[in-house]
Structures are given as structure tokens and as C-alpha cells.
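# Chains, contacts and geometry: an overview
Given next are the chains, with one letter for each unit.
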Amino acid sequence: MTEYDTESQVTDAQHAALQLANVDEATRNAALESIADAIRGHETEIREANAIDVEEAEAMLKRGEYTQALVDRLKLDDAKLESIAEMVESVAEQDDPLGETLEARELDEDLELYKVAVPIGVVGTIFESRPDALVQIAALALKSGNAVILKGGSEASESNRVLYEIIREATAELPDGWVQLIEAHEEVDRLLEMDDEVDLLMPRGSSEFVSYIQNNTQIPVLGHTEGVCHVYVDESADLEQAEEIAFDAKVQYPAVCNAVETLLVNERIAETFLPPMVERYEAAGVELRGDEVTREIVDVGEATDDDWDSEYGDLELSIKIVSDVYEAVEHVNAHGSKHTESIVAEDAETAELFMTGIDAASVFHNASTRFADGYRYGLGAEVGISTGKIHARGPVGLAGLTTYKYYLEGDGQLVATYAGEDATPFTHEAFDGEWTPGRLADK
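As the structure is a computational prediction, the values presented were derived from the model and not from experiment. Along each chain, residue indices are assigned from 1 in the same order as the chain's sequence is written. Predicted model: local features are reported for residues with pLDDT of at least 70 only, side-chain atom pairs are reported and counted for 80 or more only, and whole-chain, interface and lining totals are derived from all residues. As a rule here, side-chain values cover all heavy atoms of the structure and leave hydrogens and water aside.

### Quick look at the side chain of Glu187
Secondary structure is summarised from DSSP: a helix means a run of H or I of at least four residues, a strand means a run of E of at least two, and numbering begins at the N terminus for each. Inspection of the secondary structure assignment puts Glu187 in helix α8 (residues 185–192). Put simply, Glu187 is tucked away with no salt bridge, and the nearest opposite charge, on Lys151, sits 7.6 Å away. For the exposure calls, accessible area comes from a 1.4 Å probe over protein chains only, and a residue counts as buried if that area is under 20% of its type's maximum, exposed if over 50%, partly exposed in between. Positive: Lys, Arg. Negative: Asp, Glu. His and the chain ends are not part of the count. Salt-bridge detection follows one rule: a side-chain nitrogen of Lys or Arg within 4 Å of a carboxyl oxygen of Asp or Glu.

As C-alpha cells, this is what we get:
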């Protein structure tokens, strides 16, 4: 594609966004159902395209250029395709995020101010090898009334093209251009320059990648970066429960950002907890590393300083012994990525200290870090997990793809009435009410 093509795509997305913002919920939901049906109806085509990507990725793996985790994220089997279709349907089932009155305030009699949820507009997304991310992001953009520009990784190019065409054809009744696919790096660079046309960028990848995007654009960036997640097993923990949680957090699916990378264990229960925990990890093929105290208790590899800051994305785990919850909190805040952290403890006060002391988007008590997910949170799906603090944090679902505007309903009022010595005072009283056009005329 040429630079002109990129500009045309963004222009088309702008026009489509203005129209899509006014498409009713029933039409948007019907389009989502059409996408789900189309994915089920084109399974063979999708699998064939995905097989090309996987074959190339496995060749790159043998040459040491790709990781096994990347290859695993890339694969689409029948079960995965069905889960993708179900995800799209779950987005359709979510409450409409648009048109909701967030606040209502009377400024004076028959002068009413409403804060109402609306789409952001044109959203650009740049994501990694998971082709299912393309469908997730497109579905959420559609439900929230946003036009979306998709840029997937080159390792999933065949899968992404097929999925994009399926989505585009299944939503032919929607404003043309609401979904766009770009592929070349040059197109991304051009996209980054279009701050007057693109309203939000959502990159998913490493911290370095997200930083590159942030440093090379004036478009607001909502970044999804690494997940250096921890599980802390406190001295008050139910050790059987702790073992199950620590195992699930690492082994259930290690290639994702909410899998645990470092296990922190209170020194008072380490000698009891670690031997059976390590045995279970090793039986599952987990490569273990530990600090000096850990290696005095169990036979594992030596953890380096770099390990505490590493997102392995694979069956690898570092273990550190800590003296108490305060040291656990200090370690997590120093080495975590502000993604998801968990404490296993029966003592409520200790749990509170951990949960309020940790700076992360999600902090759990007696639960696996793997629950940090838009679908599991009941958001339908997610465009990513934001580790920042502004606009949206944690799994970003429909609400994270909306902003708001103010609607003021009046009856001929003038600012002059509320200024000067004889100014009429404002009432500024909040009330329960939904904005509808011509609301005052209907009173």
C-alpha cells in the first residue's frame, strides 16, 4: 500500500466514525452476530491461512528467531475459533455503552446539563502475533461505535487478512470504512503522524515498542505492555490453596501477559511449601530459578537480577523468599509492570496491606493472576490490558472505548442573567435523569 492509501483509509475511517456513532444498538448487535456466524462459516478458510503463518513461524522458531510462546499464541484450532465466535457474541450481549447519562445537573429551572457517553472516534491498534486479537478489537470497536484501524504482526499476516475480509464482508450494512487493515511498517509511521485524524492509539507489545509509539506521535496512546506478574504466598496462606493458585497462574497458559513470572514466598513457610510446589512445577516442565535462600531449600537454577524484571511468556519461573508482606510489596513495586499481582493469605489485614500497597491495575486475593482478562471480568472482551493510569486501566473493554460530551438543554437562557450585581444564582443540583432530545419540551 502507498502513503496515499493510508491517508485514504484514515479519511474513510473518519467519515465512518461519524456515521457509526449514530447507528442504533440493534444494528450494531446484528452486525456482531453476523461476524460470529461468518467466522463459524469460514473455519476452513481461516485454518488454511493460519497454517501458512504457523508453518513459517515454526521455521523461524527452529532458527531461533521466534519463541515457542509466540508460535503458541499464533495457532488457531477449531476450539479457538469457536471461542472467538462466542467472544463476539458476548460483546453483542453487553449493555450498550453509548448514550448513557453519566451525570445530570440542574443549573437553574429549565436549564439542565447532561454528561453523556459517546464513542472516541477513530481508534488505531497495533498488536502482536495473536490473530484473535484482531477480532476482539474489531468487535469492541463496533459495539462502542468507533471506527478502527488494525495493524497486526507480520507473523500473522495471512490469518489477519482473512479475518479482516470476513469481518468487512459480514458488516457490509455498516458505514463503509469503519474497519481498516494496514500492514507495512511505513503505514504505521504515517499513521503516527495523523494526530488530527486519529483519536487514540492502542499498541500491544513490549515496553520498548509502546515507548517507541509514544515517542513518535502526538496522538494519545493507551499502551498494553508486558505482564511481569507475581504471586505472594504469605505465612497465613492455606498452603494447599496456594499451591493450586501458583500452579494455575504459571502453567494453565504461560504464553500470556497475565501469567505469573515470579513467585514470592514468606520465609516462615518456605521449607514446607517449596519442595512439593517445585516438584509439581518440574513435573509440568517449568524451568525454575531462585534466589540464594530458595536454592538452600530446593534444587533450582540461580536467578539473576534480570530475572526479576523478565516476562518469560513460557514455562519459566523465578522464586524469591521474602521476610514479610512489606518486603513482598517492595519487591513487586520495584520489579512489577503494574499489570496484575496476587496474594494468597488467610489473614485479612495482611491481604489488605498487600492490595492497597501495590501499584498495579489489578490486585487479587486468593485467586490466580490469570483472571485478569476482559472476558473473565464480564467485559465481553478486551482491546488490551492498560498498565497506565489515565483514561482506562486494566482490561480495556467497551467503557474504555468511550468518552463523553456535555448536552445542555435550555429554554432561552442567557449568560447575562447570571452575571453582575443582580445575577440570578445557579442551583447546581444533581438529579436522576436520562438525556433525551427535547426533554424540556416533554416535561
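### Some words on the environment of Thr369
Inspection of the secondary structure puts Thr369 in the loop between β13 (362–365) and β14 (385–386). Sequence separation of Thr369 and Gln68 is 301 residues, and the distance between their C-alpha atoms is 21 Å. Leaving out residues up to four positions away in the same chain, Thr369 has contacts with Cys229, His230, Val231, Ala249, Asn258, Ala259, Val260, Thr340, Glu341, Ser342 and Phe364. Nitrogen and oxygen atoms within 3.5 Å of one another constitute a polar contact, given that in protein one can donate a hydrogen and the other can accept it, and given that sequence-neighbouring residues count only through two side-chain atoms. Within the structure, the side chain of Thr369 is placed 2.7 Å from the backbone oxygen of Asn258, a separation counted as a polar contact. Any pair of residues with heavy atoms lying within 4.5 Å of one another is described as a contacting pair.

### Things to note about the sheet that holds strand β3 (residues 122–126)
Two strands are said to pair when DSSP picks up at least two bridges between them. The parallel open sheet is built from four strands, whose spatial order is β5-β4-β3-β6. Sheet topology places β5 (179–181) and β6 (200–203) at the edges, where each strand pairs with a single neighbour. Mean inter-strand twist for the sheet, computed between neighbouring axes without regard to direction, equals 20°. Here helix α9 (residues 207–215) sits on the sheet in contact with β3 and β6, set at roughly 160° to β6. Think of each axis as a best-fit line through the C-alpha atoms, taken over the contacting stretch in the case of a helix, with angles from 0 to 180 degrees between the N-to-C directions.

### Let's talk about the domain arrangement of the chain
Split by domain assignment, the chain resolves into domain 1 (6–215) and domain 2 (229–378). Here the C-alpha centre of domain 2 lies 33 Å away from the C-alpha centre of domain 1. The interface of domain 1 with domain 2 comprises six residues on the first partner and six residues on the second. When domain 1 packs against domain 2, the two sides together hide about 490 Å² of surface, and 49% of this comes from carbon and sulfur. Buried area counts how much accessible surface, traced with a 1.4 Å probe, disappears from two parts once they are put together, with both parts' losses summed. Summed over the three residues of domain 1 that lose the most area to domain 2, namely Ala69, Arg73 and Gln94, the buried surface amounts to 52% of that side. Joining domain 1 to domain 2, the criterion identifies zero salt bridges. Summed over the shared surface of domain 1 and domain 2, the result is one residue pair in polar contact (both at pLDDT 80 or more). All domain edges in this entry derive from an automatic or database-based domain assignment.

### So, the sheet that holds strand β16 (residues 402–409)
Read from one edge of the open sheet, four strands run β16-β2-β1-β17, paired in antiparallel fashion. Whereas interior strands pair on both sides, the edge strands pair on one side only; in this sheet they are β16 and β17 (429–430).

### Let's talk about the layout of surface pockets
Space left empty within the atom packing is revealed by a probe, the size of a water molecule, rolled over the atoms. Taken as a whole, the largest pocket holds about 810 Å³ of empty space. Cavity means a closed set of points on a 1 Å grid over the protein atoms alone, one where a 1.4 Å probe fits but cannot get out, pocket means an open set with protein on both sides within 12 Å along at least 5 of 7 lines, and lining means a residue has an atom within 4 Å of a point. Along the walls of the largest pocket sit 34 residues, with Arg73, Glu128, Arg204, Gly205 and Ser206 positioned nearest its centre. Contributions of two or more residues to the lining of the largest pocket are made by α4 (68–74), α8 and α9. Counting residues domain by domain, the lining of the largest pocket receives three or more from each of domain 1 (6–215) and domain 2 (229–378). Grid points are joined across faces, edges and corners, and a volume is the space filled by probe spheres set on the points. Volume-wise, the second largest pocket comes out at about 580 Å³. Lining the second largest pocket we find 23 residues, and of these Lys80, Arg130, Gln136, Asp373 and Arg376 sit closest to its centre. Among the secondary structure elements, those contributing two or more residues to the lining of the second largest pocket are α5 (78–93) and α6 (132–143). No other element matches the five residues that α5 contributes to the lining of the second largest pocket.

### Details of the pattern of salt bridges
By the definition in use, this model includes 26 salt bridges. Here Asp132 makes a salt bridge to Arg130, at a shortest N to O gap of 3.1 Å. Taking the relative accessible area as the measure of exposure, Asp132 reaches 4% and is therefore buried. Look at Arg130 and you get buried, because its relative accessible area is 16%. Each of the salt bridges in this network shares a partner with another, and the network as a whole consists of Glu287, Arg289, Asp307 and Glu316.

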